[in-house]
Amino acid sequence: MAKDMISVTVGAGKVDLVKVTCDLLAVGVFSGGGRNALCDQLDKKLKGAIGRLVKLGDFKGEDKTTAVVYGGDKIGARRVLLVGLGERKKLSLDTLRDAAAVATGKAVKLRARKAVLALHQEALGKKLTSQTVGQALAEGAHFGSYRYDEYMAKSKGGRLNSLKVVIGDAAGDIARQLAKGARIGDAIGTSQSFARTIANRPGNVINPPTLAAATKKMVREAKGLSCVVLDEKQLKAKKMGGILAVGKGSASKPRLIVMKYTPPGRVGGKVPVIGLVGKGVTFDSGGISLKPGSGMQNMKFDMSGGAAVIGAMRAIAAIKPAIRVIGIVPSAENLPSSISYRPGDIITTFSGKTVEVQNTDAEGRLLLCDGLHYAVKQKCDIVIDIATLTGACMVALGKYKGGLMGNNDRLIKALQTASKASGEKIWHLPSGDEYLGEMKSKIADLKNIGSRWGGACTAAAFLSEFVGDTKWAHVDMAGVDMFDGGKKVGSVGSTGFGVRLLTSYVLGAAKG
Ligand code: BES
Ligand code: MN
Ligand code: ZN
């Protein structure tokens, strides 16, 4: 039986950072020396222990490096964790979010029950306001403390079951602003961790029906959300031929998960209805166009777009912006069997357009096209889809940034703004007529693969055929969906990418 995830609470408050009792006090330090009032204060109480460490050259404040100094009876903290912020001139929200993640990652490792974050003291200024800093720190605190170990009898290093994080500041007015941001960051951070758990669960645990059940459970616990799940029979009745084709080969039958967020107050007349559509392929073997065996286990993450949408809906419901949002997750398992769809099949999608299947491994677009058409039929003014859609996107951008495509410049810009604020990076790639040309079939309206080149762009062009004139953007998150070690902040497995990006976009759209 699976055990619970680590429970992390994050808040902010006015604290005396010298006196506050905690297992770990994380202090932010820029590289290149310079004054650091808090460090000096602590150093005095610790009889020069920090100064000696720095003098020996054991800690230079370089980005994401840390050093531990043990507390004495003169300060409240049992440990002081120095966290490098890198060069002052490169400071951004990402710096602080990452520093918080590094700090809480250490806190979990050191089995701390309570950690106080004093990372921002030297960083506040015109560029970064206390509220946005509070949000970023809270997001980072959740990101860094997350561990996926629900199926391990004994967690690595014997982690504790809970961690309390306090973002601390000695000034009451700053603490209040930090707390305001931390409440938003806490909602987003817990939702991102939720998305990571859903995505990390293996294919034998998360399939379309259990993904729907997990979503319904989340919706029951949230306030302001409703959820409807269409099962195979209802998908057939609605003629959602794309989702049905992809799901045919599996004993776990496909689902369309639809979540609705209705805000408590009035919505301004000009505020658009947003549709978020996430690819929910719970396992992608490639189907009859079977993938090679090595690395196939990572295709349990092929529902990461869906997890991002479900997580974002959770965060939105907690924050309650004045805007209507519909979350749509078409879900199927792509397996080869005697009843699978096959190369050569011509399917009729929900929109009525027909598609010649030339490769059953290009399944994401076949299920998204039904999800997108559904969003348009629900009268969404703006539709954004997110999907682990193409290996080609990963070839183009590596594992650092997702791809961004779409049919509306303002929407692209708004998403770029959300990307910058959330730290989830995306890069604008082209799409349009040339690419669409490659997706025309000789025997059907469209085919599901293009030529060898520009696979992320041709995939987007295919999707664009299902949104009509609706403003639409597409995020290809292949490559950023998970990480398998190396030089990045956070634990291995799902990154929960998209929860912060989509939530940030929706909060921005609500403000107009
Ligand atoms: N889920 C994959 C894309 C993917 C690959 C995501 C690697 C994450 C990491 C998608 O369904 C797929 O198989 N795409 C094919 C499309 C091709 C057949 C046109 C691909 O990228 O090879
Ligand atoms: Mn595939
Ligand atoms: Zn796939």
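Scroll up to find the structure.
Cut-off values and rules
Residues numbered from 1 in each chain as written. Chains lettered and ligands numbered in written order. Predicted model: local features only at pLDDT ≥ 70, side-chain atom pairs only at ≥ 80, totals over all residues. Heavy atoms only, no water. Helix = DSSP H or I, 4+ residues; strand = E, 2+ residues; numbered from the N terminus. Buried < 20%, exposed > 50% of the residue type's maximum accessible area, 1.4 Å probe, protein only. Areas by Shrake-Rupley, 256 points an atom, 1.4 Å probe, with all protein chains shown as cover. Axes fitted to C-alpha atoms, helices over the stretch in contact; angles between N-to-C directions. Left-handed = near helix turned anticlockwise from the far one by under 90°. Contact = heavy atoms within 4.5 Å. Donors = N, O, S within 2.8 Å, 3.2 Å for Na, K, Ca; no water. Tetrahedral: all angles 85-135°; square planar, octahedral: opposite > 155°, others 65-115°. Core = buried A, V, L, I, M, F, W, Y, C linked by side-chain atoms within 4.5 Å.

What is the right way to look at the overall build of the protein in this model?
Counting secondary structure elements, the protein contains 15 helices and 20 strands. Its C-alpha atoms give the protein principal-axis dimensions of roughly 80 × 50 × 40 Å. Within the protein, the proportion of its 512 residues that are buried is 57%. Entry remark: accessible area of the protein is about 21700 Å², with carbon and sulfur atoms responsible for 53%.

What exactly am I supposed to notice about the packing of helix α3 (residues 93-109) against helix α4 (residues 130-145) here?
In a pair of packed helices, the angle between the axes and the distance between the axes together describe the arrangement. Axis separation between α3 and α4 bottoms out at 7 Å; the angle between their running directions is 40°. Regarding α3 and α4, the two cross each other, and that crossing is right-handed. Where α3 abuts α4, its residues Leu 93, Leu 96, Arg 97, Ala 100, Ala 101, Thr 104, Gly 105 and Val 108 lie against Thr 132, Val 133, Ala 136, Leu 137, Glu 139, Gly 140, Ala 141, Gly 144 and Ser 145.

Looking at this model, I keep getting lost on the coordination of the zinc ion (ligand 3). Mind explaining?
Each angle at a metal carrying four tetrahedral donors should ideally be 109.5 degrees, and each at a metal carrying six octahedral donors should ideally be 90 or 180 degrees. Taken together, the protein ligands of the zinc ion (ligand 3) are Lys 279 (NZ), Asp 284 (OD), Asp 302 (OD) and Glu 363 (OE), with distances of 2.0 to 2.4 Å. Of note is the zinc ion (ligand 3), whose 6 donor atoms meet at the metal with angles of 77 to 175° in an arrangement that counts as octahedral. In this model, the zinc ion (ligand 3) sits 3.1 Å from the manganese ion (ligand 2), the two metals being bridged by Asp 284. Taken together, the positions of Lys 279 in the loop between β9 (274-278) and β10 (280-284) and Glu 363 in the loop between β13 (354-356) and α10 (364-377) put the pair 84 residues apart, joining distant regions of the chain.

Looking at this model, I keep getting lost on the nonpolar core. Mind explaining?
In a soluble, globular protein the nonpolar side chains are often hidden away together inside. Formed by 51 residues in total, the largest nonpolar core has its most connected members in Met 259, Ile 274, Leu 276, Val 325 and Tyr 505. In this view, Val 325 contacts Met 259, Lys 260, Tyr 261, Ile 274, Leu 276, Met 313, Ile 316 and Val 506; residues no more than four positions away in its chain are not counted. Membership of the second largest hydrophobic core comes to 47 residues, among which are Leu 368, Cys 369, Phe 462 and Phe 466.

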